[in-house]
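Observations on the three-dimensional arrangement
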Amino acid sequence: MYKIKEGFIIRKIGNQIIAVPTGKMTSEIHGMISLSESGELLWRALENGAEIETLADILTENYDVEHENALTDAKNFVEGLKKQGALE
C-alpha cells in the first residue's frame, strides 16, 4: 500500500493544482508538486492509502481509459511521487 506523507496541502491556483509541503516537509521537499486533474484524484486516494490496482480503478471510473493503460499510468504516478519523496 502506498500513502502520501503527512505535511502537504492541495491548492488550486488558477488552472493549476499543486501539492504544497508544509511544516517539516518543507525541509524534505523543496518546491511544489504540480498535479493534473487525474493526478489530484490519485493524490486524494493516496492520502488515505491505496494500492496500484485501486488507483487504476479510479482512473477507469473517471476517464475513458483501458484498464491496462490506467494501471501503467498509476504505476508511473506512484514512481514519480516516490522519487520526489512524497510517499511513506
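What counts and how
Residues numbered from 1 in each chain as written. Predicted model: local features only at pLDDT ≥ 70, side-chain atom pairs only at ≥ 80, totals over all residues. Heavy atoms only, no water. Buried < 20%, exposed > 50% of the residue type's maximum accessible area, 1.4 Å probe, protein only. Helix = DSSP H or I, 4+ residues; strand = E, 2+ residues; numbered from the N terminus. Salt bridge = Lys/Arg side-chain N within 4 Å of Asp/Glu carboxyl O. Pairing = 2+ DSSP bridges. Axes fitted to C-alpha atoms, helices over the stretch in contact; angles between N-to-C directions. Contact = heavy atoms within 4.5 Å. Core = buried A, V, L, I, M, F, W, Y, C linked by side-chain atoms within 4.5 Å. Expected span 1.5 Å × (residues − 1).

**Some words on helix 2 (residues 37–47)**
- Of all the residues in helix 2, the buried ones are Gly39, Glu40, Leu42, Trp43, Ala45 and Leu46.
- Of the residues flanking the end of helix 2, it is Gly49, one or two places downstream, whose phi is positive at about 95°.

**Observations regarding the pattern of salt bridges**
- Enumeration according to the criterion identifies five salt bridges in this entry.
- Between Lys5 and Glu28 there is a salt bridge, and its shortest N-O distance comes to 3.2 Å. Of this pair, Lys5 sits in the segment before strand 1 (8–13) while Glu28 sits in helix 1 (residues 25–28), and the two are 23 residues apart along the sequence.
- A salt bridge links Lys82 to Glu79; the shortest N-O distance between them is 3.0 Å. In this pair, Lys82 and Glu79 are both assigned in helix 4 (residues 67–84), three residues apart and thus about one turn of the helix distant.
- On the basis of relative accessible area, Lys82 is assigned to the partly exposed category, the value being 39%.
- Overall, Glu79 belongs to the partly exposed group, its relative accessible area being 37%.

**Here we look at the sheet that holds strand 2 (residues 16–21)**
- On the basis of which strands lie adjacent, the open sheet formed by three strands has the order 1-2-3 and antiparallel pairing. Where the open sheet ends on each side, the last strands, each with one partner, are strand 1 and strand 3 (33–35). In this sheet, neighbouring strand axes are inclined to one another by 30° on average, regardless of whether the strands run parallel or antiparallel.
- Helix 2 contacts strand 1, strand 2 and strand 3 of the sheet and is inclined by roughly 160° relative to strand 1.

**A short note on the nonpolar core**
- One finds Phe8, Ile33, Leu35, Trp43, Leu46, Leu55 and Leu81 to be the most contacted residues of the largest nonpolar core, which totals 26 residues.
- Elements with a minimum of two residues in this core: strand 1, strand 2, strand 3, helix 2, helix 3 (52–62) and helix 4.
- Non-local contacts of Leu81, meaning those with residues more than four positions away in its chain, are made with Ile4, Ile33, Trp43, Leu46, Ala86 and Leu87.

**Examining helix 4**
- Taking 1.5 Å of rise per residue, the 18 residues of helix 4 would be expected to cover 26 Å, and the 26 Å separating its terminal C-alpha atoms lies within 8% of that figure.
- Where helix 4 is buried, its residues touch strand 3, helix 2 and helix 3.
- Just beyond helix 4, the residue with positive phi is Gly85, at close to 80°.

**Digging into the pairing of strand 1**
- Here six bridges tie strand 1 to strand 2, and the two strands are oriented antiparallel to one another. Directly across from Phe8, in strand 2, lies its bridge partner Pro21.
- Linking two consecutive strands that pair antiparallel, namely strand 1 and strand 2, is a turn of two residues; a positive phi of about 65° is found at Gly14 within it.

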